[in-house]
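Examination of the molecular architecture
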Amino acid sequence: MKIAAFSCREDEIGYFEGYGKQYGIDLVWTSNAPGLDNAKLVEGCQAVSVITTPIAEDLIRVWHKYGIKVISTRTVGYEHIHYQLAASLGITVSNVSYSAHTVAEYTVMCILMAIRRMKTIMTRYIGQDYSLKQVRGRELCHMTIGVIGTGQIGENVIANLSGFGCKILAYDPYPKETVKKYAEYVSLDRLWSASDLITLHAPATEETYHLIDEETLKQMKDGVILINAARGSLIHTTALIAALESGKVGAAALDVLEEEGKIYYKDFKYAATGHHEMAILQAMPQVLMTPHTAFFTDEAVSDMIEYSISSCLKTLTGENNPWKIN
């Protein structure tokens, strides 16, 4: 069995080689993103492994002609793949899962950095400004935290936060009994109005698109803090900027952002990114931004590659594939 892996980073190669041998897979890999210019690499392969590069109709049709049966993305999100077309051509699309602890721990770090004004403290420290002006923080134990989405990551965030003694409110269309010992499930309206800090752990869907926008921001407390380590599309960026400028939102920590795919994981230190909203947010002292790295741990990268290979193998051998999308 042969798999073509695209967009392979240096830190992934060892895992690909190790799991390729473990599962008996003949692997063809490239550091380049998939495209029509390198579509011939999949010749003789039955599956491809990709990451966040958009996989459009024309490329899927070409891969189909080469006999590709599975497209596996080494990410939880799969919105970058035209999976409806793939399904119509008989191509299975699958995603992966990974240790929920990685994003959950990162989220708690972002929460603590946001409420303790860590961006301002660190920036001023570099400039040898050690004064206390405008760096006084808050204590998490006295805050009400709203958690939207109680899947594996959201549930782990809640478990981690429970040790701080804060009040935790949760919203999810599918409540879990295991979450109820730490958090109170409430309506979205109640969560918006009662939370001092809101952290997002929902997938990118039509229902969650711009979940936080001008209207929902109006329902929140003045000075609310927002954390997003899920998907950029959950927050209307323009509305967030306006709310930060007015003080409605007191601070934000953003590991993801709308239209990030053109920028994140690339080096722009000598070039303009062309993302005006990102530039505005980066300039704000109350906004902490990181380039979609909440997932990035040894354990998570290992999981993503193993599950991508295993997913392809399970589909091609007719086994039950827990990561199958279509």
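Residues numbered from 1 in each chain as written. Predicted model: local features only at pLDDT ≥ 70, side-chain atom pairs only at ≥ 80, totals over all residues. Heavy atoms only, no water.

Remarks on helix H10 (residues 237-246)
Rules: Partly exposed describes any residue whose relative accessible area lies between the buried limit of under 20% and the exposed limit of over 50%, with all areas from a 1.4 Å probe on protein chains only and scaled to the type maximum. Helix numbers and strand numbers start at the N terminus; a helix is a DSSP run of H or I with at least 4 residues, a strand a run of E with at least 2. Contacts are residue-level and defined by heavy atoms, with any inter-residue pair within 4.5 Å sufficient.
Buried within H10 we find Thr-237, Ala-239, Leu-240, Ile-241, Ala-243 and Leu-244. Looking at the buried positions of H10, the neighbouring elements they touch are helix H9 (214-218), strand S10 (224-228), strand S11 (249-254), helix H11 (276-282) and strand S12 (287-289). Just beyond H10, the residue with positive phi is Gly-247, at close to 95 degrees.

Re the sheet that holds strand S8 (residues 184-185)
So the rule is basically this: For two strands to pair, DSSP has to find at least two bridges joining them. Helix axes use the C-alpha atoms of the stretch in contact, all axes being lines fitted to C-alpha atoms, and the angles between their N-to-C directions lie in the range 0 to 180 degrees.
Read across the open sheet, the seven strands follow the order S8-S7-S6-S9-S10-S11-S12; overall the sheet is parallel. For this open sheet the edge positions go to S8 and S12, each flanked by a neighbour on one side alone. Sheet topology places strand S6 (residues 144-148) next to strand S7 (residues 167-171); five bridges connect them, and they run parallel. When the sheet's bridge partners are listed, Val-147 is paired in S7 with Ala-170. Helix-sheet contacts for helix H4 (residues 100-115) involve strand S9 (197-200), S10, S11 and S12, and the interaxial angle to S10 is about 150 degrees.

Overview of the packing of helix H1 (residues 10-23) against helix H12 (residues 298-316)
For clarity, the cut-off: For classification, angles of less than 35 degrees are called roughly parallel, those exceeding 145 degrees roughly antiparallel, those between 65 and 115 degrees roughly perpendicular, and all remaining angles oblique. Take the far helix as your reference; a near helix turned counterclockwise from it by less than a right angle gives a left-handed crossing, and one turned clockwise gives a right-handed crossing. For this classification, Asp, Glu, Lys and Arg are treated as charged, while Ala, Val, Leu, Ile, Met, Phe, Trp, Tyr, Cys and Pro are nonpolar and the rest, including Gly, are polar.
Running from amino to carboxyl end, H1 crosses H12 at an angle of 40 degrees, the nearest separation of the two axes being 10 Å. In terms of orientation, H1 lies oblique with respect to H12. Of the two elements, H1 crosses H12, and the hand of that crossing is right-handed. Contacts between H1 and H12 involve Asp-11, Glu-12, Tyr-15, Phe-16, Tyr-19, Gly-20, Gln-22 and Tyr-23 on the former and, on the latter, Asp-298, Val-301, Ser-302, Ile-305, Glu-306, Ile-309, Ser-310 and Leu-313. Partitioned by chemical class, the residues of the contact of H1 with H12 number eight nonpolar, four polar and four charged.

Remarks on the state of the cysteines
To keep things clear, this is the line we draw: Cysteine sulfurs are considered disulfide-paired once they come within 2.5 Å of each other.
Evaluated as defined, the whole model comprises zero disulfides. Not part of a disulfide, Cys-8 finds its nearest cysteine sulfur in Cys-45, a span of 12 Å. Its relative accessible area of 5% is what places Cys-8 among the buried residues. With a relative accessible area of 2%, Cys-45 lands in the buried category.

Here's the deal with unusual backbone geometry
One non-glycine residue, Glu-259, lies in the positive phi region at around 60 degrees. By the element assignment, Glu-259 lies in the loop between S11 and H11. One non-glycine residue, Tyr-265, lies in the positive phi region at around 75 degrees. Within the fold, Tyr-265 resides in the loop between S11 and H11. The class for Tyr-265 is partly exposed, based on a relative accessible area of 47%.

A closer look at the sheet that holds strand S2 (residues 26-29)
Strands sit in the order S2-S1-S3-S4-S5 across an open sheet of five strands; the sheet is parallel. In the strand order of this sheet, the two ends are held by S2 and strand S5 (92-94), each with one partner. Adjacent strand axes in the sheet meet at a mean angle of 20 degrees, parallel and antiparallel pairs treated alike. Packed onto the sheet, H12 meets strand S1 (2-5), strand S3 (47-50), strand S4 (70-73) and S5 and runs at close to 155 degrees relative to S4.

Brief notes about the layout of surface pockets
Under the convention used in this document: Buriedness for pockets is judged along seven lines, at least five of which must meet protein on both sides within 12 Å for an open set on the 1 Å grid over protein atoms alone, while cavities are sets there where a 1.4 Å probe fits but cannot get out, and lining residues have an atom within 4 Å of a point. Grid points are joined across faces, edges and corners, and a volume is the space filled by probe spheres set on the points.
The calculated volume of the second largest pocket comes to roughly 400 Å³. As for the second largest pocket, its lining consists of 20 residues, and the residues nearest its centre are Ala-114, Arg-117, Gly-250, Ala-251 and Gln-286. Going through the elements one at a time, H4, helix H5 (118-126), S11 and S12 are the ones with two or more residues in the lining of the second largest pocket. It is H5 that contributes the most residues to the lining of the second largest pocket, four residues altogether. The residue inventory of the lining of the second largest pocket, partitioned by class, reads ten nonpolar, five polar and five charged.

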